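Fold and geometry: a report
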Amino acid sequence: MLKFDHVSFSYPGMAQTVKDLSFEIHPGEIVAMIGSNGAGKSTVSRLANGLLRPDSGHVYVDGADTQKTRTSAIAKKVGFLFQNPDRQICQNTVREEIAFGPRVQGVPENEIQERTEAMLETFELDGDWFPFTRSRGERQRIALASVLACHPRMVILDEPTTGLDYRECIRIMDFITGLNREKGLTVLMVSHDMELVQEYAGRVLVLTDGHLVGEGPTGQIMKDMSVLGQAHVLPAQIPMLALRFGDRFADVYTVEEMTEAIRRQVDSSIPNRFAMDESAEKGAPR
């Protein structure tokens, strides 16, 4: 679905932000991109949807080279959710905002109405709201609804849960993962939230100073302190705790797995405790 082939990019008058970067994201994957501020994550996101074009190398979206493809054509396949929804919302009502993207793409009006009403119902939004009077969480839902109304094959989420409370965060991510399971939606998620990455991403790309220093299954990356150290990020809490507990917790990544592992350790210690007690009783003077 997305392929970076030895891509480099620099902003005018600046050093290279992306350096000889190569990776692939396959259809139906949920991939997280992590790294410290300035690692180049947002630049990679904008290269991925055609807002920026590489200085060298090639970016392919669904097989099409972004150097040779109009941004409007790429936008039909790749939706982009900005970190700040206020940079994305541009209409005076929620209904108009959701309808804006499909209308620009030339979708028939009757279908636009159907998609708009479906998004309003799904995200529990009032079509007559003035978007900029709503809470941060509501504005983020409005922006996401407007992106998904265009029916993209892939979405790029740039820090999708910044400024949201836990309930809003889970609500948005559960909906995204539902589309991934049911419709095969491909997701690239840029995030500093390692708990979010641990919970939802199947694979992780680790970026430092514009180049890739590691990639692999989420569980593997979360316990690779060498790679995470290069990116100046810490793993999620449960994998970090499992590392401290040692080899017997090597396969532990989630709260449920941690609970089960601790239960096994407690259960295995009980017979030993009984044996010690019996031995002490036999050796005690009468």
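Placed above this text is the structure.
Residues numbered from 1 in each chain as written. Predicted model: local features only at pLDDT ≥ 70, side-chain atom pairs only at ≥ 80, totals over all residues. Heavy atoms only, no water.

**Comments concerning a negative patch on the surface**
Heads up, the condition is: The residues that make up patches have over 30% relative accessible area and no salt bridge, and they are joined within 9 Å when like-charged or within 5 Å when they are Val, Leu, Ile, Met, Phe, Trp or Tyr. Method for areas: the Shrake-Rupley scheme with a 1.4 Å probe, in which residue coverage is limited to the protein chains shown. A side-chain nitrogen of Lys or Arg and a carboxyl oxygen of Asp or Glu constitute a salt bridge if their distance falls within 4 Å. Charge counting treats Lys and Arg as positive and Asp and Glu as negative, with His and both chain ends excluded. Positions of charges follow a simple convention, taking NZ of Lys, CZ of Arg, CG of Asp or CD of Glu. Where helices and strands are cited, they refer to DSSP runs of H or I of at least four residues and of E of at least two residues respectively, numbered from the N terminus.
Taken together, the side chains of D174, E199, D251, E256 and E257 present a region of like negative charge at the surface. Position of E256 among the secondary structure elements: in helix α11 (residues 255-283).

**Some details on unusual backbone geometry**
Let me state the cut-off plainly: Exposure is judged per residue with a 1.4 Å probe applied to protein chains only, and the accessible area is read against the type maximum: over 50% gives exposed, under 20% gives buried, and values in between give partly exposed.
A positive phi is found at H151, a non-glycine position, where the angle reads about 55 degrees. Tracing the backbone through its elements, the reader meets H151 in the loop between α5 (136-148) and β7 (154-158). The class of H151 is partly exposed, set by a relative accessible area of 49%. In this structure, H232 takes a positive phi of about 60 degrees despite not being glycine. With respect to the helices, strands and loops of the structure, H232 is situated in the loop between α9 (225-231) and α10 (237-245).

**Focus on the pairing of strand β1 (residues 2-10)**
Selection rule: Pairing between strands is defined by DSSP: at least two bridges between them are needed.
Pairing of β1 with strand β2 (residues 16-25) involves six bridges; the strand directions are antiparallel. Note that in β2 the partner of F9 across the bridge is V18. Here β1 folds back onto β2, and the loop between the two strands holds five residues, one of which, G13, carries a positive phi near 75 degrees. Relative to strand β4 (residues 56-61), β1 runs antiparallel, the two being bridged by five bridges. Looking across to β4, one finds that S8 is bridged to S56.

**Details of the pairing of strand β6 (residues 78-81)**
For a regular strand, side chains alternate in direction, first toward one face of the sheet and then toward the other. Covered by surrounding structure in β6 are V78 and F80 together with G79 and L81, the residues of both alternating faces. Where β6 lies against β7, four bridges are found, and the strand directions are parallel. Looking across to β7, one finds that L81 is bridged to L157.

**Considering the nonpolar core**
Heads up, the condition is: The nonpolar core is taken to be a set of buried Ala, Val, Leu, Ile, Met, Phe, Trp, Tyr and Cys residues, with the residues joined through side-chain atoms within 4.5 Å. Note on contacts: a residue pair qualifies if any of its non-hydrogen atoms lie within 4.5 Å across the two residues.
Core analysis: the biggest nonpolar cluster contains 45 residues, and L125, L148 and V197 have the highest contact counts within it. In terms of residue count, α5 provides more of this core than any other element does, six residues in total. The contact partners of L148, leaving out residues within four places of it in the chain, are M119, F123, V155, F175, I176, L179 and L185. Formed by 27 residues, the second largest nonpolar core is a distinct cluster that contains M1, F23, A39 and L205.

**Points about the pattern of salt bridges**
By the definition in use, this model includes 16 salt bridges. Note that R203 is salt-bridged to E29, the shortest N-O span being 2.8 Å. Of this pair, R203 sits in strand β9 (residues 203-208) while E29 sits in the loop between β2 and β3 (30-34), and the two are 174 residues apart along the sequence. We classify R203 as buried; its relative accessible area is 14%. Assessed through its relative accessible area of 19%, E29 is described here as buried. Two residues, R171 and E124, come together in a salt bridge whose shortest N-O distance is 2.7 Å. Of the two residues, R171 is situated in helix α6 (residues 166-183) and E124 in the loop between α4 (109-122) and α5; the sequence distance between them amounts to 47 residues. Looking at E124, the relative accessible area reads 56%, which means it is exposed.

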